[in-house]
Structure formats: structure tokens, C-alpha cells
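Chains, contacts and geometry: an overview
What follows is the residue order along each chain.
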Amino acid sequence: MRQAGRSLPEYRALREKYSMLEMCTTPELAVQATMQPVDRLGVDAAILFSDIVVPLLAMGVDLDITPGIGPVIADPIRTVDMVDALQPLDPDAGVPFVLDAIRILVGELQVPLIGFAGAPFTLASYLIEGGPSRTFARTKSLMFGEPETWNKLMDRLSESILAYLRAQVGAGAQAIQVFDSWVGALAPAEYLTYVAPSVERIFSGLEDLAVPRIHFGVGTGELLGLMGSVGADVVGVDWRIPLTVARERVGANYALQGNLDPAICLAPWHVIEEHASEVLREGGGRGHIFNLGHGVLPETDPDVLARLVALVHEFRS
Ligand code: 1CP
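Bear in mind that the values here come from a model prediction, so they are computed numbers and not experimental data.

Side note on the overall build of the protein chain
When helices and strands are counted, the protein chain shows 15 helices and nine strands. In terms of overall dimensions, the protein chain is globule-like: its C-alpha atoms have a radius of gyration of 19 Å, near the 20 Å expected for 317 residues. Looking at the protein chain as a whole, 54% of its 317 residues are labelled buried. A fraction of 71% describes how many contacts in the protein chain between residues 6 or more apart in sequence connect residues 24 or more apart. Working note: accessible area of the protein chain is about 13400 Å², and carbon and sulfur atoms make up 52% of it.

Below you can see the structure in the form of C-alpha cells.
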């Protein structure tokens, strides 16, 4: 969950020398950036350093990851012809650097490695809007107005994401996380109609690999039940609802991940301790992966994060 990168001086030092895309496409650099938060903080798992838009490069999309903004797409997708022009992802040929980074990492890490991909809706939002968005107006306009084009785009994306995730597990990733970060912009009925089938295809296509499947989105309080039922094993929760409520919505058959507000980490330690302890209590000690409710804010003090990890370990023992 962009867990620590931007808050670490050693990460910033790397980024002064290399662009995001250089780091994502050079295995040695991706390995270093993946290990940094693990070495510094003592977390229980590593998340691969990459970005959700990286596989789109190999599908023929011209894009960059711009500092202070995020992904920017040169020619946003607006027509069915542009959907047709998306090439299916062949992971070995298109993203060998990601698979090489994973192979190196599983040899070096003492903790499990989580691979990841963006979900079709969230990737489509970047492809259609051309970059980050608040309203997702163009995305929803295509979804509601041209459902056939939309479904074709969801099909294309889910097929490639499935191949991508299977290749990551093949290279050694021990768990996978599917980020549908912006799907909280939809109501449950729309989620079921326009999104759920493509996500279901991805999760069911991973079933035989028997790795834990984590599914996360921001602002998804109303969608939590559905986000489990599309085939995840773990449902990620942001900070907007208590884990006890999330548990009721998701049901007993799933583990939960979350959900400390990342901004709490900017408060004095006693405040952090109080809130983190509440998250741990509400998580109930079983079937819960402690995490933030979204990525670490860049201005967070890494020493505070290390102390937070120690607090969680103390609770566990
Ligand atoms: O810990 C890590 O650094 C893990 C690697 C990682 C992951 C898992 C990065 C590196 N990005 C992601 C996933 C990602 N990327 C998501 C899903 C998770 C989430 O919701 O946070 C999303 C939505 C993106 C898209 C993206 N990339 C954004 C958000 C833009 C928006 O719409 O608001 C941004 C800012 C980026 C750039 C990026 N990706 C990763 C990092 C460390 C950064 C910061 C760039 C930098 O160093 O300049």
C-alpha cells in the first residue's frame, strides 16, 4: 500500500537519481526500493515496488508517472477503436523486469512478498481520464453511456491483469493484492453491473494458485460485502468505518486488512498508540492484518512507523 517509500530519506535519495518509471523497469532498483521499508521498519511482509500502471506500458499505452501528480496518460481512451488497440499483456515479453525483480526478492527477503495489480475500474479511470480524477466524470460517462465499449475495456483489462498476477505468483510472489482504489465512487448496484464480473474473473482465475488474495479500495464502506464476494480472501478497509462494522458487512469467511488513518501517524505518539490499539482491539487478534487505511503520507516520520510496527508486534505476542 505504497507503504513507506515516499517517507524514507533513502528512497528519496534513489528518486533523485532515477525517475519512477526507471525504478519500476530496472529490477535492481525495484528490489532496493522494495527492501528499504522492510529493512527500516520491520514489517511482516514486503510489497513489490512498482505501480499499477506499469503493465499498461506493455499493453501499448504511452504514459508517465509524474512527481506530485501520479500516472499521466498521453492519449486518454475515449473510443471503442482505442479499446481495440490495447494489446493483450504477455508478461514474459512485456514486463520481464517485474518478474526478474520478484525472483531476486524472494531469494533475499526474510518475509513474504506481496505482488499486486490495479483492478479494471481503477486502471480504466486513469486510461479514460488521462490522470488522477476527483469525480470520474468521463469514466462514468463511458460506463453509463457506452456499456458495450465499457465491457470490452473491462474484458481487455481483466484478461491482462489475470495473466500479470499469475506471472507474479509464478515468479515467486506469496500473496497478491488487487487495488481497486477508486471504485468507492460507485454505488453497490453499479458495482455489481459494471465492475464485479471482471474482478470475479481475475480472482477465480487465481484460485488454483492457492495464494491469499487481498482486495482493497478507498471509500468502499458500502461495497465491502461485495468486495469479498467477488472472490477475495482478505478485504482491505480504509479508516472511514470501524473494523467491527466492516466485519459485519464482509462476513465471517474473510480476513480484514486495515485500517489506521494514515494522518494519525502525524499526531503525537500517545494519540497514535491510542488509535492503533483500538484498531488492534477491533480487529480481534485473528483474521486481521494490521495496516493503514491507505498509503503512508510522505511527511510521516519513519521512526514513528517503526514504533508502530513494534506496537503491533507487542500486541501479537
Ligand atoms: O510501497 C510501495 O511503494 C509499493 C509500490 C506501489 C504501489 C503498491 C506504488 C509506488 N504504487 C502502488 C499502487 C498504486 N499506484 C495505487 C493503488 C494503491 C493506492 O491506492 O495507494 C494507485 C491508485 C496508484 C496510482 C498512483 N501512482 C498515484 C495516485 C494518483 C491519484 O490518482 O491520486 C501516485 C501518486 C503514484 C505514484 C507512485 N507510485 C508509487 C510511489 C512510491 C509513487 C510516488 C511517486 C514518487 O516517488 O515520485
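Quick word on the pattern of salt bridges
Using the criterion set out here, one finds ten salt bridges in the structure. Residue Arg40 pairs with Glu10 through a salt bridge whose shortest N-O separation is 2.7 Å. One end of the pair, Arg40, is in helix H3 (residues 27–41); the other, Glu10, is in helix H1 (residues 9–17), and 30 residues separate them in sequence. With a relative accessible area of 32%, Arg40 lands in the partly exposed category. Using a relative accessible area of 27% as the deciding quantity, one classes Glu10 as partly exposed.

Here's the deal with the site of the ligand
Of all residues adjacent to the ligand, which total 23 residues, the nearest are Tyr11, Arg15, Tyr126, Ser181 and His294. Take Tyr11: an N or O atom from its side chain is 2.6 Å from an oxygen atom of the ligand. At a separation of 2.6 Å, an oxygen atom of the ligand approaches a polar side-chain atom of Arg15. Coverage of the ligand by the protein amounts to 90% of the 880 Å² it exposes when considered alone. For the shell around the ligand, the secondary structure elements donating two or more residues are H1 and strand S3 (70–73). By residue class, the composition of the shell around the ligand is 14 nonpolar, five polar and four charged.

Conventions and cut-offs
Residues numbered from 1 in each chain as written. Predicted model: local features only at pLDDT ≥ 70, side-chain atom pairs only at ≥ 80, totals over all residues. Heavy atoms only, no water. Helix = DSSP H or I, 4+ residues; strand = E, 2+ residues; numbered from the N terminus. Rg over C-alpha atoms; globule rule 2.2 N^0.38 Å. Buried < 20%, exposed > 50% of the residue type's maximum accessible area, 1.4 Å probe, protein only. Contact = heavy atoms within 4.5 Å. Areas by Shrake-Rupley, 256 points an atom, 1.4 Å probe, with all protein chains shown as cover. Salt bridge = Lys/Arg side-chain N within 4 Å of Asp/Glu carboxyl O. Near = heavy atom within 4 Å. Polar contact = N/O pair within 3.5 Å; in protein donor to acceptor, adjacent residues only side chain to side chain. Nonpolar A, V, L, I, M, F, W, Y, C, P; charged D, E, K, R; others polar.

Read these as layout, nothing more, since geometry by itself doesn't imply function.
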